[in-house]
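# What the coordinates show
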Amino acid sequence: MTDFETILLEKRGRVGVITLNRPKALNALNSQVLQELVVALDDLETDDGIGAILITGSERAFAAGADIKEMQPKSYMDMFMADFFAGWDRLASARKPTIAAVSGFALGGGCELAMLCDILLASDTAKFGQPEIKLGVIPGIGGSQRLTRAVGKAKAMDLVLTGRNMDAEEAERAGLVARVIPADELLDEALKTAETIASMSLPVAMVAKEAVNRSFETTLSEGVRFERRVFHSLFATEDQKEGMAAFVEKRAPEFKNR
Ligand SMILES: CC(C)(O)CC(=O)SCCNC(=O)CCNC(=O)[C@H](O)C(C)(C)COP(=O)(O)OP(=O)(O)OC[C@H]1O[C@@H](n2cnc3c(N)ncnc32)[C@H](O)[C@@H]1OP(=O)(O)O
C-alpha cells in the first residue's frame, strides 16, 4: 500500500474511498494532492475487486479550491510549460464510476473536482462556487465548461462572474447535484450508492458511463447511434446472459464482470 500524506485511500468491499486530507488548508488542492490522487486512482482502476470510486473531504470542506499559496508566485511561463492543471484530466478519463460526496466548501477547483465525478451527492451544508474572479483569474480545471453544461448559461454566468456561492438546495434545483442528504448521513448514503453501483456488472457500468458522457461530446443522432452499437455489443457479455436469465428465473443476478 502506498503511503499518502494529503489523501487517505481505503478499500471498503468493492468501493474505493479517497478522502482528501489537508484539514488545515480546507483540503486546498496542491500538486501533491493531485499526484497522490492520480496514484490512488490508478490503483483503484486496475484493481478488479473495485467497482466504484468515492471521493470525499471533511465535514467543513470538500475542497476550498486549488492551492492559492502554491499558485501565487507562478509566472505565465511556469503555468504554460507545466501545463498546470492538465493532470486533473486523469479523473475525467476514469473508466470506473466515480461519486463525489460533498460537505462544506466546494469552491473553485473543489467544485471542479466534484464536477469531474459522475455523480455528485451533497450534504445540506455544502456550498458550491467558482470564486476565481475574485482572485483575478477564471476557473482552470474545466469549471467554465462543466458548470455551464450542468446548470446552463444563466446560472453559470451568474456564478462565474460574481464569484458568489450557492447552497446545496440551489445546486440541486440547478441540476449540479443529484441528491441532497443530511450532513450526518452523507457518507453512509454515498457508500450505499457506490455499493449499489459496484454490485452491477462492472463492464456494463463502464459502458453506461461512457454512453452518458458521449452525450456531452457529440450530436444527438451520433450519440444515439453510439448507444445502439454498444447496446448490441453487450449481448456478447456473460453478464447480459446472467442478468436476463436471472429476471426470467425470478432470482437475483450474479454478475461475473465478464
Ligand atoms: C483551479 C482554479 C483555476 O479554478 C482556481 C481555484 O480553485 S482558485 C481557489 C478558489 N477558492 C477560493 O478562492 C476560496 C479560498 N478560501 C476562502 O475563501 C476561505 O478560506 C473560505 C471561505 C473557504 C473559508 O473561510 P474561513 O472559514 O474564514 O477559513 P480560512 O481561515 O479562510 O481558511 C482556513 C485555512 O485554509 C486556507 N485556505 C483556504 N482556502 C485555501 C485555498 N484555496 N488555497 C490555499 N489555502 C487555503 C486558509 O489560508 C487558512 O489557512 P491559514 O492561512 O490560516 O494557514
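It should be emphasised that the depicted structure is a prediction, and the values quoted were computed from it without experimental measurement.

### Comments concerning the overall build of the protein chain
- On a plain count of helices and strands, the protein chain comes out with 12 helices and 10 strands.
- For 258 residues, the compact-globule estimate of 2.2 N^0.38 gives 18 Å, and the protein chain sits close to it at 19 Å.
- C-alpha atoms of the protein chain, sized along the principal axes, occupy 60 × 45 × 40 Å.
- A burial count over the protein chain gives 43% of its 258 residues as buried.
- Sequence-distant contacts in the protein chain: of pairs separated by 6 or more residues, those separated by 24 or more amount to 66%.

### Quick notes on helix α7 (residues 153–162)
- Those residues of α7 that fall on the buried side of the exposure criterion are Ala 156, Leu 159 and Val 160. For α7, the arc enclosing every buried residue in end-on projection is 90°, short of the 170-degree limit, so these residues lie on one face. For α7, the exposed residues set more than 90 degrees away from the buried face come down to Ala 154 and Leu 161.
- Structurally, α7 contributes buried residues whose contacts are with α6 (143–151) and β9 (165–167).
- Immediately beyond the C-terminal end of α7, within one or two residues, lies Gly 163, with a positive phi of roughly 75°.

### What about the pattern of salt bridges?
- Across all of its chains, the model carries 15 salt bridges by this definition.
- With its nearest N and O atoms 2.9 Å apart, the salt bridge here joins Lys 11 to Asp 47. Taken together, the residues span a long stretch of sequence, with Lys 11 in strand β1 (residues 7–12) and Asp 47 in the loop between α1 (31–46) and β3 (52–56) at a distance of 36 residues.
- The partly exposed category is assigned to Lys 11, whose relative accessible area is 35%.
- Each of the salt bridges in this network shares a partner with another, and the network as a whole consists of Lys 155, Asp 158, Arg 164 and Glu 170.

### Observations regarding a nonpolar patch on the surface
- A cluster of nonpolar residues, Tyr 76, Met 77, Phe 80 and Met 81, forms a patch on the protein surface that exposes about 520 Å² of accessible area.
- Mapped onto the elements, Phe 80 comes out in helix α3 (residues 76–82).

### What about the pairing of strand β2 (residues 15–20)?
- β2 sits mainly inside the fold: 6 of its 6 residues count as buried.
- Side-chain alternation along β2 places Val 15, Val 17 and Thr 19 on one buried face and Gly 16, Ile 18 and Leu 20 on a second face that is also buried.
- Note: β1 against β2, 6 bridges, orientation antiparallel. Residue Lys 11 lies in a different strand from β2, and its bridge partner there is Gly 16.
- Between β1 and the antiparallel strand that follows it, β2, lie 2 residues; Gly 13 among them carries a positive phi value of about 60°.
- With 5 bridges connecting them, β2 and β3 associate as parallel partners. What sits directly across from Val 15, in β3, is Ala 52.
- A crossover links β2 with its parallel partner β3, the connecting element being α1, and its sense is right-handed.

### Here we look at the domain arrangement of the protein chain
- For the protein chain, the assigned domains are domain 1 (7–199) and domain 2 (202–249).
- Inter-centroid distance (C-alpha atoms) of domain 1 to domain 2 is 27 Å.
- On the domain 2 side, the residues contacting the 10 residues of domain 1 number 6 residues.
- Taking both partners together, domain 1 and domain 2 bury about 690 Å²; carbon and sulfur atoms supply 59% of that area.
- On the domain 1 side of the interface with domain 2, the three residues burying the most area are Arg 95, Asp 118 and Arg 149, jointly 54% of the side's total.
- Summed over the shared surface of domain 1 and domain 2, the result is 1 salt bridge.
- Asp 118 is the salt-bridge partner of Lys 209, the closest N and O atoms lying 2.8 Å from each other.

### A closer look at the sheet that holds strand β8 (residues 127–129)
- Pairing is mixed across the open sheet formed by 4 strands, whose spatial order is β4-β6-β8-β9. Edge positions in the sheet fall to β4 (61–63) and β9, since each has one partner strand and no second. Taking each pair of neighbouring strands and ignoring which way they run, the sheet shows an average axis angle of 20°.
- Bridge count between β4 and strand β6 (residues 105–107): 2 bridges; the pairing is parallel. Opposite Ala 63, over in β6, you have Ala 106 as the bridge partner.
- Packing of helix α5 (residues 109–116) onto the sheet brings it into contact with β4, β6 and β8, and relative to β6 it is tilted by some 90°.

### Observations concerning the nonpolar core
- Ile 18, Phe 62, Trp 88, Val 102, Phe 128 and Leu 176 are the most contacted members of the largest nonpolar core, which totals 46 residues.
- Ranked by residues supplied to this core, first place goes to α1 with 6 residues.
- Sequence-distant contacts of Trp 88, that is, excluding residues within four places in its chain, are made with Leu 29, Leu 34, Leu 37, Leu 113, Leu 116 and Ile 141.
- Counting residues in hydrophobic clusters, the runner-up holds 14 residues, among them Leu 121, Leu 186, Ala 190 and Leu 191.

Calculation notes
Residues numbered from 1 in each chain as written. Predicted model: local features only at pLDDT ≥ 70, side-chain atom pairs only at ≥ 80, totals over all residues. Heavy atoms only, no water. Helix = DSSP H or I, 4+ residues; strand = E, 2+ residues; numbered from the N terminus. Rg over C-alpha atoms; globule rule 2.2 N^0.38 Å. Buried < 20%, exposed > 50% of the residue type's maximum accessible area, 1.4 Å probe, protein only. Contact = heavy atoms within 4.5 Å. Arc of directions from axis to C-beta. Salt bridge = Lys/Arg side-chain N within 4 Å of Asp/Glu carboxyl O. Patch = residues over 30% accessible without salt bridge, like charges linked within 9 Å, V, L, I, M, F, W, Y side chains within 5 Å. Areas by Shrake-Rupley, 256 points an atom, 1.4 Å probe, with all protein chains shown as cover. Pairing = 2+ DSSP bridges. Right-handed = clockwise from strand over helix to strand, strands pointing away. Domains from an automatic or database assignment. Buried area = accessible area lost by both parts, 1.4 Å probe. Axes fitted to C-alpha atoms, helices over the stretch in contact; angles between N-to-C directions. Core = buried A, V, L, I, M, F, W, Y, C linked by side-chain atoms within 4.5 Å.

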